[in-house]
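# Analysis of the macromolecular model
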Amino acid sequence: MKKFFTWLMTMLGLTTACSGQNFENTDVTGFEALATAPDVTLLDVRSEGEYAEGHIDGALNIDVNASDFVDCAMAMLPRGTTVAVYCRSGRRSATAAALLADRGYRVVNLSGGILAWIEAGRPTTTDAHERDVFVTPGGKTLRFYALMHASVRINIDGRELYVDPVKQLGGRTVDYSQLPDADYILVTHEHGDHYDPEVIAALSIDDTRLVTNRRCADMIGKGEVMANGDTLRIADDILVEAVPAYNTTEGHLRFHPRGRDNGYIINIDGLRIYVAGDTEDIPEMGSLGNIDIALLPCNQPYTMTPEQLLNAARMVKPRVLFPYHYGQTDVSGIAASLAADSIDVHIRHYE
């Protein structure tokens, strides 16, 4: 085994600078091989501004100079995987690599940083959609992209799943012509901030699986219909369950009547993701079973108040929570409110 590990390090160009160093270094070629491996998380530890100017595609951004770098990294980086880390020239990433390695991560640092990457002719991107990376129990890498409001993109080791893809809302737009075609599209209900037939058409190819509630299927004239309680296997490793999503507050019941709309639990290779759709903190949330990642909406009168969202989160008990669909609602205090519940809250641009 030791000989095999030494051979693997050599093949990827991995080295250690000294016997006391607790992480590995690699050149551009080795880093490129790691960056595309399914069990590796790519991490850019530069500032947010540097990241926005250009970064390696698929990289998560956590600034190593931020006071909460270690806490953020431990909350966001999946355990049991390799972290491939880089900065501008390799200095800051070496600091980050040492910090992460001290906490039990296997870390590989890009020698020369993104400057060496660019000099070697490797591509960068300025894609502004925020990403979070998770690994399934079976070892598959999922990349979550916050598109806007209720629109979510999940890359599953190269396959693309979209939930409620919408092109425009207020002053925000998403250029879907620059995004990959869909292997799967899930639509929760027919409101314009969730259902956009033009985007569905633009993303769809011959074998795209489109899953909707009955109302959307009738409106678009196609799609596989799911009602609350139905399950549907859309791939060998993806099982979808439609769950209730509705209003309970008097005066709001007409927005999302019970039984019409769907939330979805998406089980991808053993990782259970709850996309709640437009709902309040309904009692059914208490019996969803184990949820790893939850997206819960927060904007009354259509969905939940922050207080309702906290109650919903405590019923669902996800490992990771994304407040979404929140419009102008202030969700900044949710993380602190749920700190004692051991729920890792990620605030992304889901206004």
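Keep in mind that this is a model prediction, so the values were computed, not measured.

Here we come to the environment of Y105. The topology assignment puts Y105 in the loop between α5 (91–102) and β5 (106–110). Linking Y105 and Y184, residues 79 residues apart in sequence, is a C-alpha distance of 33 Å.

This part takes up the sheet that holds strand β2 (residues 40–44). With parallel pairing, 5 strands are arranged side by side in an open sheet as β1-β5-β4-β2-β3. Either end of the sheet is taken by a strand with one partner, and the two such strands are β1 (24–26) and β3 (60–61). Inspection of the sheet shows strand β4 (residues 82–86) paired to β5 by 4 bridges, in the parallel sense. The residue bridging A84 from the neighbouring strand is V108, located in β5. On top of the sheet, α5 reaches β2, β4 and β5; it is set at about 175° to β5, its chief contact.

So, on to the nonpolar core. Considering soluble globular proteins, one finds that nonpolar side chains tend to be buried as a cluster. If you look at the biggest cluster of nonpolar residues, it comprises 56 residues, and the most contacted ones within it are I266, I273, Y274, L296 and L321. The element best represented in this core is helix α9 (residues 306–316), accounting for 5 residues. Apart from the residues within four sequence positions on either side, I273 is in contact with L142, F144, I154, Y264, I265, I266, I268, I293 and L295. Core analysis: the next-biggest nonpolar cluster, separate from the first, contains 20 residues, L60, V64, V70 and Y105 among them.

Contact pair helix α4 (residues 69–76) / α5: the axes reach a minimum separation of 11 Å and the direction vectors enclose 60°. Relative to α5, the element α4 is oriented oblique. The interaxial crossing formed by α4 with α5 has right-handed handedness. Where α4 abuts α5, its residues F69, V70 and A73 lie against A96, L99 and L100. Classifying every residue of the contact of α4 with α5 gives 6 nonpolar, no polar and no charged.

What follows concerns the confidence of the model for the protein chain. For the protein chain, the average pLDDT comes to 90, and 93% of its residues sit at 70 or higher. Note on residues 1–10: pLDDT under 50 across the span, and 4 contacts to partners over four residues away in sequence or across chains.

The subject of this paragraph is the side chain of D344. Mapped onto the fold, D344 is located in strand β21 (residues 344–345). We note that D344 is buried and unpaired, the nearest opposite charge coming from R319 at a distance of 6.6 Å. Engagement of the side chain of D344 in a polar contact is seen with the side chain of H346, the distance being 2.7 Å. Beyond its immediate stretch of four places on either side in the chain, D344 contacts A75, M76, R319, V320 and L321.

Conventions we followed
- Residues numbered from 1 in each chain as written.
- Predicted model: local features only at pLDDT ≥ 70, side-chain atom pairs only at ≥ 80, totals over all residues.
- Heavy atoms only, no water.
- Helix = DSSP H or I, 4+ residues; strand = E, 2+ residues; numbered from the N terminus.
- Pairing = 2+ DSSP bridges.
- Contact = heavy atoms within 4.5 Å.
- Axes fitted to C-alpha atoms, helices over the stretch in contact; angles between N-to-C directions.
- Core = buried A, V, L, I, M, F, W, Y, C linked by side-chain atoms within 4.5 Å.
- Buried < 20%, exposed > 50% of the residue type's maximum accessible area, 1.4 Å probe, protein only.
- Parallel < 35°, antiparallel > 145°, perpendicular 65-115°, else oblique.
- Left-handed = near helix turned anticlockwise from the far one by under 90°.
- Nonpolar A, V, L, I, M, F, W, Y, C, P; charged D, E, K, R; others polar.
- pLDDT = per-residue confidence, 0-100.
- Lys, Arg positive; Asp, Glu negative; His and termini not counted.
- Salt bridge = Lys/Arg side-chain N within 4 Å of Asp/Glu carboxyl O.
- Polar contact = N/O pair within 3.5 Å; in protein donor to acceptor, adjacent residues only side chain to side chain.

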